[in-house]
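Residues per chain are reported as follows:
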Amino acid sequence: MPAVLPAANPHPSPLTPHSSFDAIIIGSGIGGLVTATQLAAKGAKVLVLERYLIPGGSAGYFEREGYRFDVGASMIFGFGTQGTTNLLTKALAAVDVSLETTPDPVQVQYHLPKGLDLKVHRNYEKFLQELTAYFPHERQGIRKFYNECWKVFNCLNSMDLLSLEEPRYLTRVFFQHPLSCLGLAKYLPQNVGDVARRYIKDPQLLQFIDMECYIWSVVPADMTPMINAGMVFSDRHYGGINYPKGGVGQIALKLVEGLEKAGGKIQYEARVTNILTENGRAVGVQLASGEVYRAKRVVSNATRWDTFEKLLPAEKMPPSEQKWQQRYQKSPGFLNLHLGVKADVLAPGTECHHVLLEDWSKMEAAEGTIFVSIPTLLDSQLAPDGYHIVHTFTPSWIEDWQGLSPTQYEQKKEDAAGRLIDRLEKIFPGLDAGLDYMEVGTPRTHRRFLGRDDGTYGPIPQRKLLGLLGMPFNRTAVPGLYCVGDSTFPGQGLNAVAFSGFACAHRIAVDLGL
Ligand SMILES: NC(=O)c1ccc[n+]([C@@H]2O[C@H](COP(=O)([O-])OP(=O)(O)OC[C@H]3O[C@@H](n4cnc5c(N)ncnc54)[C@H](O)[C@@H]3O)[C@@H](O)[C@H]2O)c1
Ligand SMILES: CC(C)=CCC/C(C)=C/C=C/C(C)=C/C=C/C(C)=C/C=C/C=C(C)/C=C/C=C(C)/C=C/C=C(\C)CCC=C(C)C
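Keep in mind it's a predicted model, so treat the numbers as computed, not measured.

(A) Up close: the nonpolar core. Formed by 121 residues in total, the largest nonpolar core has its most connected members in F145, Y146, F208 and M211. Residues within four places of Y146 in sequence aside, it is in contact with Y124, F127, L128, L131, F208, I209, E212, F233 and R236.

What follows is the structure, given as structure tokens:
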């Protein structure tokens, strides 16, 4: 996996305060970078501190033997050209940069139990036709369910998306778009499962809706907020799934270029060890090197668990965070196989994204559902001529990878990789024989290189909650400290954390009077 991080300096120099900033952002994930670029574009003096060597976090990349691998998922929402929900396009444009993207004609091809094999086409009607062909008796229910998702999306896509913690903005959008606001207020406490069951009765079709949610929310429909499903199930047909030329890592690199153009700064190999407080207020940060930076506002793009248990003293965790931890838990991480394969392994017409499951009862189990991305079908430059990248991942808990000797750890990775490759032979015959390169990552890898507690993919509800109502916005109980990224409203996903970044920067800009 990526190069080893430099160790913390064991002999930090005495604390030497550097010049002060309007805002310090801990971490350069997409959530952190959108906050930083938005603030810099408004004229704020911004510093991003990133513990790793390059920006992007889970939207980063690494290069090996002529391959450029995406660290995380390659299915990117938010690069549309119209409306208000294309937040990655908007975030780049705000700092005068842009990215070329390639549209993906199919979001995902499902290979599910009992021969349920279908594609989610970019074209909405084509997708509905393909699904209805499997469930002709549910023709009406299918259309009504997905049309209801469009209602949510149309509300979102009609208004500027900014901080819901800013009363003047809320009043303005309410007067400009009263029906959209009331629509969103209605859907905020709802989950997908309840809406789906209003229209659909067939148990296998309901399992399919569970899978439609699971592949991005990592929980079934009953626990997946309806607002998020409205975004995902509609935007894939509206703005579409578009892959950035040069790989997912380009998004962060471009945002950094824009940040610097707008006068902001980023420092790599800068691991924050403490958020400094004075009289209970966040006033700056301390790095592993001992350096101290002060700012009027501090933003953490680390997970909430890292922020409130490691960067701040766990024993002083505010009651609101304790409550949050009772509502949300860490999702599993992923076991990742970054494979380079001979091009002839893939039949002509192969789609970029696949989901494989053989037994419905295993959907949420470790090594149950297999996800596959083949980004080289959209950008052949990411692999040597004649080869493809087949990024394969499946849920995996960190507990299964603890307490092993280095040899046991390597052996366990190899065994698990073998099991996944065997299963994938069903959709890609000859995969094993065509292997050219393999790098295996576990939740331990993500904990180490992405700094995510237990290598988690993100927060998931502990039990069925009221839609998105329990997800905190950007301000925290610690004055001067904000959170951004997937442990804030509305949760996981690049377009989701981009929203969180817009909202965070908006709230801070108002607080600073910018
Ligand atoms: N297809 C997709 O939609 C897609 C693809 C890739 C990633 N993602 C999603 O992106 C989301 C994550 O984005 P995010 O913005 O929340 O964060 P992130 O986890 O990607 O980034 C956090 C960054 O903070 C850095 N960091 C953590 N602790 C630090 C510390 N103490 N000091 C300095 N730096 C520190 C990490 O190195 C990392 O770069 C996830 O939900 C993930 O699933 C989605
Ligand atoms: C005033 C009154 C009365 C009221 C008010 C109301 C309102 C205004 C409200 C509002 C709200 C809002 C704004 C909201 C927002 C939201 C949002 C933006 C959301 C978003 C979301 C997104 C998402 C969720 C996304 C996601 C994605 C993802 C996660 C992806 C992933 C992927 C993967 C993992 C891949 C897989 C696959 C394969 C490979 C196959």
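Picking up after the structure, the text goes on.
(B) Broad picture of unusual backbone geometry. Note that the residue after F489, namely P490, is joined by a cis bond; omega there is 5°. Checked against the element boundaries, P490 lands in the loop between β20 (481–483) and α15 (494–512). Despite not being glycine, E269 has its phi angle at roughly 50°, a positive value. Among the secondary structure elements, E269 is positioned in the loop between β9 (265–267) and β10 (272–278). For E269, a relative accessible area of 46% corresponds to the partly exposed category. Notably, E367 is not glycine yet its phi reads approximately 55°, a positive angle. Relative to the assigned elements, E367 resides in the loop between β15 (353–356) and β16 (370–373). On the accessibility criterion, E367 (22% relative accessible area) is partly exposed.

(C) Fine view of the confidence of the model for the chain. Of all residues in the chain, 96% have pLDDT values of 70 or greater, and the mean over the chain is 95. Segment residues 1–16: pLDDT under 50, and 34 contacts once partners within four positions in sequence are set aside and those in other chains are kept. The complex prediction reports pTM at 0.96, with the ipTM value standing at 0.96.

(D) Looking closely at the sheet that holds strand β6 (residues 106–112). Pairing in this open sheet of seven strands is mixed, and the strands run β7-β6-β15-β16-β17-β14-β18 from one edge to the other. Bordering the open sheet on either side are β7 (116–121) and β18 (435–441), each of which pairs with just one other strand. The sheet shows a mean angle of 15° between the axes of neighbouring strands, taken without regard to direction. Pairing geometry for β15 and β16, over four bridges, is antiparallel. Across the sheet, the residue bridging to H353 is S373, located in β16.

(E) Representation of the environment of G258. Relative to the assigned elements, G258 resides in helix α10 (residues 249–261). With 138 residues separating them in the primary sequence, G258 and S396 have C-alpha atoms 36 Å apart. With sequence-adjacent residues up to four places away left out, G258 is seen in contact with V95 and V97.

(F) How the structure looks around the UniProt feature "domain: Amine oxidase" (unreviewed entry) in the chain. Under the present numbering, the feature "domain: Amine oxidase" (unreviewed entry) in UniProt falls on residues 30–508. Annotated as 37% helix and 22% strand, the span residues 30–508 places its first and last C-alpha atoms 17 Å apart.

(G) Representation of the site of ligand 2 in the model. Neighbouring residues of ligand 2: 31 residues in total, closest M75, W216, H354, S373 and Y457. If ligand 2 stood free it would expose 1,000 Å²; the protein chains cover 92% of that surface. Looking at the shell around ligand 2, the elements that each hand over two or more residues are α6 (178–187), α8 (203–217), α9 (226–238), β15, β16 and α15. With four residues, α9 is the largest single contributor of residues to the shell around ligand 2. Class assignment for the residues of the shell around ligand 2 results in 25 nonpolar, six polar and no charged.

(H) Main features of the packing of helix α4 (residues 139–156) against α6. Between α4 and α6, the shortest axis-to-axis distance is 8 Å and the interhelical angle comes to 130°. Regarding the angle of α4 to α6, the classification is oblique. Remark: the crossing between α4 and α6 carries left-handed chirality. Contact with α4, carried on its side by E148, K151, V152, C155 and L156, involves S180, G183, L184 and Y187 of α6 and no other residues of that element. Residue composition of the contact of α4 with α6, by class: five nonpolar, two polar and two charged.

(I) A look at the site of ligand 1. In the vicinity of ligand 1 there are 30 residues, among which E50, S58, M75, R452 and D486 approach most closely. Within the contact set of ligand 1, a nitrogen atom lies 2.6 Å away from a backbone nitrogen or oxygen of M75. Here R452 contributes a side-chain N or O atom positioned 2.6 Å from an oxygen atom of ligand 1. Its free accessible area being 880 Å², ligand 1 has 94% of it covered by the protein chains.

Reading guide: rules and limits
- Residues numbered from 1 in each chain as written.
- Chains lettered and ligands numbered in written order.
- Predicted model: local features only at pLDDT ≥ 70, side-chain atom pairs only at ≥ 80, totals over all residues.
- Heavy atoms only, no water.
- Core = buried A, V, L, I, M, F, W, Y, C linked by side-chain atoms within 4.5 Å.
- Buried < 20%, exposed > 50% of the residue type's maximum accessible area, 1.4 Å probe, protein only.
- Contact = heavy atoms within 4.5 Å.
- Helix = DSSP H or I, 4+ residues; strand = E, 2+ residues; numbered from the N terminus.
- pLDDT = per-residue confidence, 0-100.
- Pairing = 2+ DSSP bridges.
- Axes fitted to C-alpha atoms, helices over the stretch in contact; angles between N-to-C directions.
- UniProt positions renumbered as here; feature names shortened; annotations may be inferred.
- Near = heavy atom within 4 Å.
- Areas by Shrake-Rupley, 256 points an atom, 1.4 Å probe, with all protein chains shown as cover.
- Nonpolar A, V, L, I, M, F, W, Y, C, P; charged D, E, K, R; others polar.
- Parallel < 35°, antiparallel > 145°, perpendicular 65-115°, else oblique.
- Left-handed = near helix turned anticlockwise from the far one by under 90°.
- Polar contact = N/O pair within 3.5 Å; in protein donor to acceptor, adjacent residues only side chain to side chain.

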